[in-house]
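Listed below are the residues making up each chain.
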Amino acid sequence: MKLSINKSRSLWWTISSAIILAGIISMVISWQNPNIKAPLRPSLDFVGGTRLQFERDCTKPGNCDQAIDINIVREVAKAQGLGDSSIQIVADKGTGAENGILIRTKNLDGEQRSNLQNALSEKVGAFDQQKNQFDTVGPTLGAELFRSGVIALIVSFAGIIIYLTFRFQLDYAVFAIVALLHDVFITAGIFSIFGLVLGTEVDSLFIVALLTITGFSVNDTVVIYDRIRETLKTNPNRPIADIVDDAVNQTLGRSINTTFTTMLSLFAIFLFGGETLKNFALALIIGFTAGAYSSIFIASTLLTLWRERNGQATMVVSGESIDTSAGN
């Protein structure tokens, strides 16, 4: 398979722009949603509070005959002074029937949790005590986790810029960062959409996933850049678009094989790794796919456009400047 990526680069940019725009729109809607108030639906890891999950006991006759009415649940929460809580009806993992209630609210003590549980039991049915779950995270810890995650992302981006600037040139580093931002925005945007539609939350593992995505993506980009540098060294008079196309095609098999084998492991984690790792694996699947795409179709084509607009394509190799403008 031989690709001419620069001939259709407007198409690649349009596809990415459309996905990113959809994600940004979703983030704005999420921010204005009174139940979310953030670009992505945050878990307790970031905002703090109490998360309660109740599941009806269907072994009791007639306890699960009627579906849970979310409006009744909201009325009960409001009566308990928890009207601003986020409430979802969730499915039973075994049967798939929607017999569970997930409530994320402010910090509750033991008495408040018991009062809420008893009030809900009277309205929707008795709960299975073995399946009820309670989690509490303080707001200070949540804010610290978010701040640390953002700092880690900024530091990683700065390190990548410095590394690529020394190994290649500044414009190569800039477009690699553009590709990384592309991957981060696509991953975050899709999770924002999932948060609105499916109630998917992001936790501290989501930050870890973003850091992992940047490492995977920049590795692919560096391989392509390295091949561009080698081709420039041996064929300095060729048009930059042809050099980039050849570099992509020479590394295409490696990119596909690496991404495919990685995806096999990630899908296994997603399907069988349990609830804790499910969203982490999903973020990596989305991010790695975006990363493979951006390394091939975004970072490379933007570099080509920049060099063409400048009227020359130069690359410093072993202290010498190679001018490829003659081939353009």
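Residues numbered from 1 in each chain as written. Predicted model: local features only at pLDDT ≥ 70, side-chain atom pairs only at ≥ 80, totals over all residues. Heavy atoms only, no water.

Moving on, we get to the nonpolar core. Leu164, Phe191, Tyr225 and Ile228 are the most contacted members of the largest nonpolar core, which totals 57 residues. Only helix H1 (9-32), helix H5 (139-167), helix H6 (170-197), helix H7 (204-234), helix H8 (240-272) and helix H9 (275-310) provide two or more residues apiece to this core. If one sorts the elements of this core by residue count, H9 sits on top with 14 residues. With residues up to four places along the chain from it excluded, the contact list for Phe191 reads Leu40, Thr200, Val202, Phe206, Asn279, Leu282, Ala283 and Ile286. Membership of the second largest hydrophobic core comes to 16 residues, among which are Ala77, Leu108, Leu116 and Val124. (Core = buried A, V, L, I, M, F, W, Y, C linked by side-chain atoms within 4.5 Å. Buried < 20%, exposed > 50% of the residue type's maximum accessible area, 1.4 Å probe, protein only. Helix = DSSP H or I, 4+ residues; strand = E, 2+ residues; numbered from the N terminus. Contact = heavy atoms within 4.5 Å.)

This part takes up the packing of aromatic side chains. With the rule as written, the count across this model stands at 9 aromatic pairs. Residues Trp12 and Phe297 carry aromatic rings whose centres are separated by 4.4 Å and whose planes lie at 45° to one another, so their mutual orientation is tilted. Separated by 285 residues along the polypeptide, Trp12 in helix H1 and Phe297 in helix H9 bring together distant segments of the chain. Of the two residues examined, Trp12 and Phe297, each falls in the buried class. Where Phe191 meets Phe206, the ring centres are 5.0 Å apart and the plane angle is 55°; that geometry is what we call tilted. You can see Phe191 sitting in helix H6 and its partner Phe206 sitting in helix H7, a full 15 residues away along the chain. This pair shows no difference in class: Phe191 is buried, exactly as Phe206 is. Connected via pairs of aromatic rings, a cluster forms that spans Trp12, Tyr293 and Phe297. The ring of Phe134 carries the charged tip of Arg113 above its face, separated from the ring centre by 5.3 Å. (Phe/Tyr/Trp six-rings, centres within 6.5 Å; stacked < 30°, edge-to-face > 60°. Lys NZ or Arg CZ within 6 Å of the ring centre and 35° of its normal.)

This part is about the sheet that holds strand S1 (residues 49-55). Strand order across the open sheet formed by 4 strands is S2-S3-S1-S4, with antiparallel pairing between neighbours. Of all strands in the sheet, those bounded by a partner on one side alone are strand S2 (86-90) and strand S4 (133-137). Each neighbouring strand pair of the sheet contributes to a mean axis angle of 10°, computed without reference to strand direction. Strand direction decides the pairing type here: S2 and strand S3 (residues 100-105), joined by 5 bridges, are antiparallel. Across the sheet, residue Ser86 finds its bridge partner in S3, namely Arg104. Contacts from helix H3 (residues 70-79) reach S2 and S3 within the one sheet, and its direction differs from that of S2 by about 145°. (Pairing = 2+ DSSP bridges. Axes fitted to C-alpha atoms, helices over the stretch in contact; angles between N-to-C directions.)

Here the UniProt-annotated "transmembrane region" (unreviewed entry) positions come out as residues 12-31, 145-166, 173-198, 204-225, 256-274 and 280-306. Secondary structure content for residues 280-306 is 100% helix and 0% strand, while the C-alpha to C-alpha distance between its ends is 35 Å. (UniProt positions renumbered as here; feature names shortened; annotations may be inferred.)

On to the state of the cysteines, then. By the definition in use, this model includes 1 disulfide. Here Cys58 engages in a disulfide with Cys64; their sulfurs sit 2.1 Å apart. Note on the Cys58 and Cys64 pair: the S-S dihedral is about -95°, so by sign convention the disulfide is left-handed. For Cys64, a relative accessible area of 21% gives the class partly exposed. (Disulfide = S-S within 2.5 Å.)

On the surface, a nonpolar cluster with roughly 310 Å² of combined accessible area is contributed by Ile24, Val28, Leu181 and Phe185. Of all the secondary-structure elements, those providing two or more residues to the nonpolar patch are H1 and H6. The residue Phe185 is located in helix H6 in this model. For Phe185, a relative accessible area of 38% puts it in the partly exposed group. (Patch = residues over 30% accessible without salt bridge, like charges linked within 9 Å, V, L, I, M, F, W, Y side chains within 5 Å. Areas by Shrake-Rupley, 256 points an atom, 1.4 Å probe, with all protein chains shown as cover. Salt bridge = Lys/Arg side-chain N within 4 Å of Asp/Glu carboxyl O.)

Bringing the environment of Gly274 into the picture now. The topology assignment puts Gly274 in the loop between H8 and H9. Given a relative accessible area of 38%, Gly274 falls into the partly exposed group. Sequence separation between Gly274 and Gly48 is 226 residues, and the spatial gap between their C-alpha atoms is 23 Å.

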